[in-house]
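What follows is each chain in one-letter form.
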Amino acid sequence: MPFGECTVTLQDVAFQLGLPVDGEAVSGCLGEFETYMEGGRPAWEWFQDLFGELPPPNKVKQMTVHFTWFHERFSVLPPDANEETVRIYARAYIMMLLSTQLFGDKSANRVHIQWLPFVVNLDDMERYSWGSAALAWLYRCMCRVANRNVTNLAGPLQLL
């Protein structure tokens, strides 16, 4: 820009991160998240179906799971993995990426289970506008850090 200012645009997100910027919106109501999943089914029940187990209670805080549990449990795919096991590990990896890289919060060590609806069917991941959501999250985080009581910036900072 001729006056020396610039901003991160949707085109920057698409180019730098390779994320789709067209498609369905990435959204979801978190107000009643526990009963929001699959027609009122408890979210943690669904979590167990998708990942084959529940994290221990000391690794759970509200609707998040500590990153270390995901990393310890799903970091190395077994050599004799069948197709369903590969899908479970792919879901875990995507959940970690979404919660720490694209939509991270200031804790930087929690995986929010709000992403469960998006990882159920891995073939549908490409139909969402992840780039638009990441850019919106970045701007929201930048607005929050403008508050004088806030000291840490979160979000997809690689875009800055």
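Everything below is about the structure printed above this text.
Since we're looking at a predicted model, the values are computed, not measured.

(A) Representation of the overall build of the protein in the model. Each helix and strand in the protein was counted, giving seven helices and three strands. The linear arrangement of helices and strands in the protein, starting from the amino end, is α-α-α-β-β-α-α-β-α-α. Per-residue burial for the protein yields a buried fraction of 35% across its 160 residues. When the accessible area of the protein is evaluated, it comes to approximately 9,700 Å², of which 53% is carbon and sulfur surface.

(B) Geometry of unusual backbone geometry. Backbone geometry at Q62 places phi at a positive 55°, although glycine is not the residue there. Along the polypeptide, Q62 turns up in the loop between β1 (60-61) and β2 (64-66).

(C) Molecular detail of the sheet that holds strand β3 (residues 110-112). Reading across from one edge, β1-β2-β3 is the order of the three strands in this open sheet, with antiparallel pairing throughout. A strand with exactly one partner marks an edge of an open sheet, and here the two such strands are β1 and β3. Most of the contacts of helix α4 (residues 67-74) go to β2, to which it runs at about 65°, and overall it touches β2 and β3.

Cut-offs used in this document
Residues numbered from 1 in each chain as written. Predicted model: local features only at pLDDT ≥ 70, side-chain atom pairs only at ≥ 80, totals over all residues. Heavy atoms only, no water. Helix = DSSP H or I, 4+ residues; strand = E, 2+ residues; numbered from the N terminus. Buried < 20%, exposed > 50% of the residue type's maximum accessible area, 1.4 Å probe, protein only. Areas by Shrake-Rupley, 256 points an atom, 1.4 Å probe, with all protein chains shown as cover. Pairing = 2+ DSSP bridges. Contact = heavy atoms within 4.5 Å. Axes fitted to C-alpha atoms, helices over the stretch in contact; angles between N-to-C directions.

All we've got here are geometric facts, nothing functional implied.
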